[in-house]
Amino acid sequence: MAKIFKQRNMISLLIVVAVLFPLITNNTYYVHVMTLSFIWMIGVYGLNLLAGYTGYLSLAHAGFFAIGAYSIGILTVKAGMNFWGAFILSLLITCVIGLVVGLIAFRTKEHFFAIYTLCLGYILYLIIDKWDSLTEGVRGLIGIPAPASIGPIKFETEISHYYLVLFFLLLVVLIMYRIIHSLTGRTYIAIRNSEDLAKTIGISTMKNKLTVFVLSTFFAGLSGALYASFVRFIGPDIGAISITFDLLTYLLVGGIGTLSGPLVGTTLIVWLSQQLQGFQEYRMLIFGPVLTLLVIFYPRGIVGAVSSWYTKLISKKDHQRILRPTKVRSGASIEAEKEVKEG
Amino acid sequence: MIFLETKNLTKKFGGLVAVNNVDFAIEKGKINAIIGPNGAGKSTFFNLISGFHRPSSGSVIFNGREITTLPSDKIAKLGIARTFQTTNLFEQSTVLDNVIVGHRLRTKSNLLDAILRTPRLKAEEAQCREKAMEVLEFVDLKNVATKLVGGLTQEEKKRTAFALALATNPEIVFLDEPAAGVNPDETEGLAELMKKMASTGITVCLIEHKMQMIMSIADKIMVLNYGEKIAEGRPEEIRNNEMVIKAYLGGSAIA
């Protein structure tokens, strides 16, 4: 129980920091970078739900990010739709395309699924790049409107935009939290663990995998739509494979299959990239080896490493408590002591 | 009373006939065993019944209903559970967390329930937890419920796999080599557990190589060799069957 309270405290603290951040810094550039990080985090959560919790690595994620961004861009700039209508419609478009793709993609498994989605991501990129009449091709879409005001709330300044994106991020984290800590989340983890075993306990793996895939493309689309309305200009590059690998890097560094991994990984890498901008492409000379070492020694990223270290610490403490019993003991340690005696 | 029945069940993998024309009837509440040399088609036979493979011909009938072409998750919902030779459990998670999801198929809450945290979800989560504790008590693992599966003994892992199968509320459980890699004392414990399952009305069907155990607990034994049924009957009938002795020892049975 104490652990839950601690977790709650940590989350509240993080939210407070995030809310106060623009007021503390006074530096619009920092606010800009942080807003972009939040947008990426939403996309990374989509990847995390699919790859981290269900065990299917989709490399078409940037493609869906681009679908979200281009849908809202085309609907507002070319079709002249109002912002929020276009926003909702672009999410729907992403989900529908996700559903169709998922139906085909889940005929494959493991590496083949990754390769299939890699190809698919590239096809999506090519379509955006070559379909001049719809997407304006390499020229890109210019003049995407900022989010329209909702009642008295306007989104014209950087700071108001920051809060809008933060709102969506918190919503995504809440959804993720609830899914993971529910029967539904357990179902997904069962599929990741062993698909055969999941089937024998009556889980329809296809239905569940498809639901997760669509939800993950929803997050990617949301991230893309927010990106388009924030940056106001989009080019085909946002659908490039390298973006998928950026998102994957954030996830791996933070911790795949952990709830706070996307937050940690994205913040860390985005800020590091900003600091190391002077090195330009040579940054990769630092990132490459660090990432390789991380994957070898800490497959569940920074968050995974910290949490397993914490679990070890707790069990050590419990062990010491058993050796030197004090008056106040938890039920678990009494049981454990009994075991030791019986053994 | 015949409970589950296979008729002319056949499975071909290319030119190899893994299961050939097998008729087998399982009686309710009894312990049924399938034995045979390695590669005799025992596991394939299980895979056919539990919907992992589709038979090349023949049929599987459960409770008077044809289930031959149903997918495995639907078969599980009808009340047929199974375990694997390797336990396939999630090692980094606790015993309780592994078993809770076993009752998922008896619940209805979906993704939306999870996101909105509806009363239905909460009630069903409590129900799954209760069921998990109930089956852990049944298999005698309540004291290790909060331990990680990775830290359990082989026998405890087998019991956890049993618990997971039992959490689905099955009418019949298929156990694929439940006592493999387990020492003689623990084997006895698992045999007792299987008897306990049968006594509570759950039909048991197992594949096993440990003859002593099979002979002591099985009500009925079927022997497979090269995919064909070569004998069927009570343990003492099987023990003296010439065909069976020949299949196991090779050559003639006169010696």
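Residues numbered from 1 in each chain as written. Chains lettered and ligands numbered in written order. Predicted model: local features only at pLDDT ≥ 70, side-chain atom pairs only at ≥ 80, totals over all residues.

Comments concerning the overall build of chain A
The helix and strand inventory of chain A stands at 15 helices and two strands. Buried positions account for 43% of the 343 residues belonging to chain A. Within chain A, contacts between residues separated by at least 24 positions form 74% of all contacts whose residues are at least 6 apart in sequence. (Helix = DSSP H or I, 4+ residues; strand = E, 2+ residues; numbered from the N terminus. Buried ≥ 20, exposed ≤ 12 C-beta atoms within 10 Å, placed from the backbone. Contact = placed C-beta atoms within 7 Å.)

Topic: the overall build of chain B
Per the secondary structure count, chain B includes ten helices and ten strands. Relative to its length of 255 residues, chain B is compact, with a C-alpha radius of gyration of 19 Å against a globular reference of 18 Å. For chain B, the spread of C-alpha atoms along the principal axes amounts to about 70 × 40 × 35 Å. The buried share of chain B, taken over its 255 residues, is 42%. (Rg over C-alpha atoms; globule rule 2.2 N^0.38 Å.)

With respect to the interface of chain B and chain A
How big an interface is tends to be stated in terms of the accessible area lost upon association of its parts. Counting from both sides, the interface comprises 30 residues of chain B and, opposite them, 24 residues of chain A. Mapped onto the side of chain B that touches chain A, the elements with two or more residues apiece are helix 2 (72-78), strand 6 (80-82), helix 4 (111-116) and helix 5 (119-138) of chain B. Considering only residue class, the side of chain B that touches chain A consists of 13 nonpolar, ten polar and seven charged. (Nonpolar A, V, L, I, M, F, W, Y, C, P; charged D, E, K, R; others polar.)

Re the domain arrangement of chain B
Residue and element names in this part refer to chain B. By domain assignment, chain B separates into domain 1 (1-79 + 170-255) and domain 2 (88-169). Each of domain 1 and domain 2 has a C-alpha centre, and these two points are 27 Å apart. In this assembly, twelve residues from domain 1 lie in contact with ten residues from domain 2. When contributions to the side of domain 1 that touches domain 2 are tallied by element, the ones reaching two or more residues are helix 2 and helix 7 (184-199). The class makeup of the residues in the side of domain 1 that touches domain 2 is seven nonpolar, three polar and two charged. (Domains from an automatic or database assignment.)

Considerations on the domain arrangement of chain A
Taken domain by domain, chain A consists of domain 1 (22-299) and domain 2 (306-343). In this structure, domain 1 of chain A and domain 2 of chain A have C-alpha centres spaced 42 Å apart.

A look at helix 11 (residues 241-254) of chain A
Residues and elements named next belong to chain A. With 14 residues, helix 11 extends 20 Å between its outermost C-alpha atoms, agreeing within 8% with the 20 Å of an ideal straight helix rising 1.5 Å per residue. For helix 11, the tally of buried residues reaches ten of 14 residues, placing the bulk of the element in the interior. Among the residues of helix 11, Ile 243, Thr 244, Asp 246, Leu 247, Leu 248, Tyr 250, Leu 251, Leu 252, Val 253 and Gly 254 are the ones counted as buried. Two residues or fewer past helix 11, Gly 255 is found with a positive phi of approximately 140°. (Expected span 1.5 Å × (residues − 1).)

Remarks on the sheet that holds strand 9 (residues 220-225) of chain B
Neighbouring strands of a sheet are bound in pairs by backbone hydrogen bonds; such pairs are parallel or else antiparallel. Residues and elements named next belong to chain B. Read from one edge of the open sheet, six strands run 6-7-8-3-9-10, paired in mixed fashion. Edge positions in the open sheet fall to strand 6 and strand 10 (228-233), since each of these has one partner strand only. For this sheet the average axis-to-axis angle between neighbouring strands, irrespective of direction, equals 15°. Relative to strand 10, strand 9 runs antiparallel, the two sharing five bridges. Bridging across to strand 10, Asn 225 finds its partner in Glu 228. Here helix 1 (residues 42-49) sits on the sheet and contacts strand 3 (31-35), strand 6, strand 7 (172-176), strand 8 (203-207) and strand 9; the angle it forms with strand 7, its principal contact strand, is near 150°. (Pairing = 2+ DSSP bridges. Axes fitted to C-alpha atoms, helices over the stretch in contact; angles between N-to-C directions.)

Examining the nonpolar core
Ile 42 and Ala 69 of chain A together with Val 99 and Ala 163 of chain B are the most contacted members of the largest nonpolar core, which has 155 residues in total. For this core, the element with the most residues is helix 10 (residues 205-231) of chain A, which contributes 13 residues. Setting aside chain neighbours within four positions, we find Ala 163 of chain B in contact with Val 99, Val 135, Leu 136, Val 139 and Leu 141 of chain B. (Core = buried A, V, L, I, M, F, W, Y, C linked by C-beta atoms within 7 Å.)

Quick look at the environment of Arg 65 of chain B
Relative to the helices and strands, Arg 65 of chain B resides in strand 5 (residues 65-66). Of the residues examined, Arg 65 of chain B has 9 C-beta atoms within 10 Å and is grouped as exposed.

Concerning the sheet that holds strand 4 (residues 57-62) of chain B
Residue and element names in this part refer to chain B. Strands sit in the order 2-1-4-5 across an open sheet of four strands; the sheet is antiparallel. At either end of the open sheet lies a strand with only one pairing partner, and these are strand 2 (16-27) and strand 5. Both strand 1 (residues 2-13) and strand 4 contribute to a ladder of five bridges, which runs antiparallel. Note that in strand 4 the partner of Thr 6 across the bridge is Val 60.

Quick word on the packing of helix 3 (residues 61-78) of chain A against helix 11 of chain A
All names here are of chain A. With their axes 7 Å apart at the nearest point, helix 3 and helix 11 run at an angle of 110° to one another. In terms of their interaxial angle, helix 3 and helix 11 are classed as roughly perpendicular. Every residue of helix 11 that contacts helix 3 at His 61, Ala 62 and Phe 65 is listed here: Ile 241, Ile 243, Thr 244 and Leu 247. Along the lines of polarity and charge, the residues of the contact of helix 3 with helix 11 split into five nonpolar, two polar and no charged. (Parallel < 35°, antiparallel > 145°, perpendicular 65-115°, else oblique.)

Some thoughts on the pairing of strand 3 of chain B
All names here are of chain B. Burial analysis of strand 3 places five of its five residues in the buried class, the great majority of the element. Burial along strand 3 is two-sided: the residues Ile 31, Ala 33 and Ile 35 and Asn 32 and Ile 34 are all buried. Two strands pair when backbone bridges link them, and strand 3 and strand 8 are joined in this way by four bridges, in the parallel orientation. Looking across to strand 8, one finds that Ile 34 is bridged to Ile 207. Two strands pair when backbone bridges link them, and strand 3 and strand 9 are joined in this way by four bridges, in the parallel orientation. The residue bridging Ala 33 from the neighbouring strand is Ile 221, located in strand 9.

Topic: the confidence of the model for chain B
Taken over all residues, the pLDDT of chain B has a mean of 88, while the share at 70 or more is 97%. At the level of chain-chain contacts, confidence expressed as ipTM amounts to 0.88, with global pTM at 0.87. (pLDDT = per-residue confidence, 0-100.)

Here we look at helix 5 (residues 110-130) of chain A
Residues and elements named next belong to chain A. Helix length check: helix 5 (21 residues) gives 30 Å between terminal C-alpha atoms against 30 Å at 1.5 Å per residue, within 8%. Listed in full, the buried residues belonging to helix 5 are Tyr 116, Thr 117, Gly 121, Leu 124, Tyr 125 and Ile 128. Where helix 5 is buried, its residues contact helix 3, helix 4 (83-105), helix 6 (132-135) and helix 11.

Some remarks on unusual backbone geometry
Residue and element names in this part refer to chain B. With a phi close to 50°, Asn 8 is a non-glycine residue in the positive phi region. Tracing the sequence through the fold places Asn 8 in strand 1. Its 12 C-beta neighbours within 10 Å are what place Asn 8 among the exposed residues. A positive phi angle is found at Glu 177, which is not glycine, with a value near 45°. With respect to the secondary-structure elements, Glu 177 resides in the loop between strand 7 and helix 7. You can call Glu 177 partly exposed: it has 19 C-beta atoms within 10 Å.

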